[in-house]
Amino acid sequence: MVVVGAGLSGLRAARELAAAGVSVLVVEAQRRVGGRTYTVPLGDGLFVDHGGQWVSPGQERLPELAAALGVELFPSWDAGLTVHWQHGRRTVAPGLFTEHAESSTAALREAATALVALADELPPGRPWEAPRAAEWDARTFHAWLDERVDDPAARAALARSLEGVFGGGPGRTSLLAALAIVRSGAHEITRLVATGDLGPERRFVGGAQQLSDRMAAELPEPVLLDAPVSAIGQDADGVEVAAGATTVRARRAVISPAPALSARIRYEPPLPAARDHLTQRMPMGWVIKAHCVYPERFWARDGLSGKVVSDEGAVRATADNSPPSGTPGVLVAFIEGAQARRLAPATHEERRAAVLADLARYFGPAAAEPAGYHEWSWGDDPFTRGAYGGYLAPGVWTAYGPALRAPAGRLHWTGAETAPTWNGKLEGAVRAGELTAREVLSALR
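Just so we're clear, the structure is a prediction, and the values are computed from it rather than from any experiment.

Q: When you look at the packing of aromatic side chains in this model, what are you seeing that I'm missing?
A: Note on aromatic pairs: each is described by the distance of the centres and the angle between the planes. For the structure on display, the rule yields 10 aromatic pairs. A centroid spacing of 5.0 Å and a plane angle of 80° characterise the contact between Phe298 and Trp299, whose relative ring orientation is edge-to-face. No difference in accessibility class separates Phe298 from Trp299, as the two residues are buried. Members of the aromatic cluster, connected to one another through ring pairs, are Tyr38, Trp376 and Trp378. Against the face of Trp413 rests Arg275, its NZ or CZ located 3.7 Å from the ring centre. Residue placement shows Arg361 over the ring face of Trp85; its charged tip is 4.4 Å from the ring centre.

Dropping the structure here:
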């Protein structure tokens, strides 16, 4: 077997196949493993996660994998008040809302409950089979919000939460696509309808990329790095994968990059047209993550959580990304969607200035003087070209949904976008790898 891509999904599939006695070689375009997890050690136990990093309540396979690999978890730092910047005015309050919080919270819970009820009508992993799929796929999620949610704050919160899943792509996602995300469990809307405290988000001690590093180290065959796949051929006897200067023959192949990236490979014979058409219509979002390191968590002294909800600026969301010890303090600033596209062509110094100006607005003058500044633009990453993942515009699920996971001859697809559960999340990536490994093992019998 050959597995294309050494992210969580590809490596999880390879690990399962190797455990079943299958000879596996993983080929990776980059000079590192990890895919959309990317940890940068800064010395003295400090690290920043430029990619995926959180383990949410209710996720199971991700913490199980971490335990098997010897990677520990710790609760995210989130105690305290949220900074709200709305219409040029700064306030602090617990939770998502400031003024009229009670009515906005009620409206938000009502709309979230309605979304979950609609999402429950979708067959898991097969949203195109829902009785009202064509109707829901013909309209946007934002149109549903405008019609269904009168409260402006609640409407904005729901729109913002879903846009965050896809990295704020330039297109409007369909209502069906939004419901598919909710149905998969991979959305914070599920928190809004929970009857009790679900517990904190958690992070990996030492960073999320360790999962891929350790899976790769345990494979019988070393991962072939710096080997971008340019072509894949298949015939009655197997597949042939051109990876950098190496050509690999195998019985089957697992392909794990996001659909927009896997479409850049040349296939012989060509892929089924439906798969090709799908990849043309599943673009990536765009996110720049900027980490600012401070001697201490000064915002905590002011009773702040490090979180921001804002309606303007380059940075409209932040979080406390400090290490387990709490020292030094680290704020992560998210530049998403239109703001990421606007600032990506700017210089490093210009982006840094924009980030620090926003953080100073939210947290005061101390935020403008970090001891360190570290950023990563996922849209500029040559072998990712965006984050957090691919998203589907109106009409795509019902026209091409079955092509997302259906094998093409001896080629099998995996990745967070293919996961029926926790779609688009690290948990989904792990589950997708396991699901694809079972699919391959069945085909090999």
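Right, picking up where we left off after that structure.
Q: How should the side chain of Ser305 be read in this particular structure?
A: Positionally, Ser305 belongs in strand β15 (residues 304-310). On the basis of relative accessible area, Ser305 is assigned to the buried category, the value being 1%. Looking at Ser305, its side chain comes within polar contact range of the main-chain nitrogen of Lys307, at 3.1 Å.

Q: Hey, could you run me through the pattern of salt bridges in this one?
A: Side-chain pairs of opposite charge can arise whenever the charged atoms involved come near each other. With the rule as written, the count across this model stands at 21 salt bridges. With a closest N to O distance of 3.1 Å, Glu434 and Arg12 form a salt bridge. With Glu434 in helix α16 (residues 426-444) and Arg12 in helix α1 (residues 8-19), the pair connects residues that are 422 residues apart, well separated along the chain. Given the relative accessible area of 6%, Glu434 is considered buried. Given the relative accessible area of 7%, Arg12 is considered buried. Ionic pairing is found between Glu135 and Arg132, a salt bridge with its closest N-O pair at 3.4 Å. The class of Arg132 is partly exposed, set by a relative accessible area of 33%. Look at the salt bridges and you will find they share partners, linking Arg12, Glu16, Arg61, Glu64 and Glu434 into a network.

The rules we used
Residues numbered from 1 in each chain as written. Predicted model: local features only at pLDDT ≥ 70, side-chain atom pairs only at ≥ 80, totals over all residues. Heavy atoms only, no water. Phe/Tyr/Trp six-rings, centres within 6.5 Å; stacked < 30°, edge-to-face > 60°. Buried < 20%, exposed > 50% of the residue type's maximum accessible area, 1.4 Å probe, protein only. Lys NZ or Arg CZ within 6 Å of the ring centre and 35° of its normal. Helix = DSSP H or I, 4+ residues; strand = E, 2+ residues; numbered from the N terminus. Polar contact = N/O pair within 3.5 Å; in protein donor to acceptor, adjacent residues only side chain to side chain. Salt bridge = Lys/Arg side-chain N within 4 Å of Asp/Glu carboxyl O.

By themselves, these figures tell us nothing about what the structure is for.
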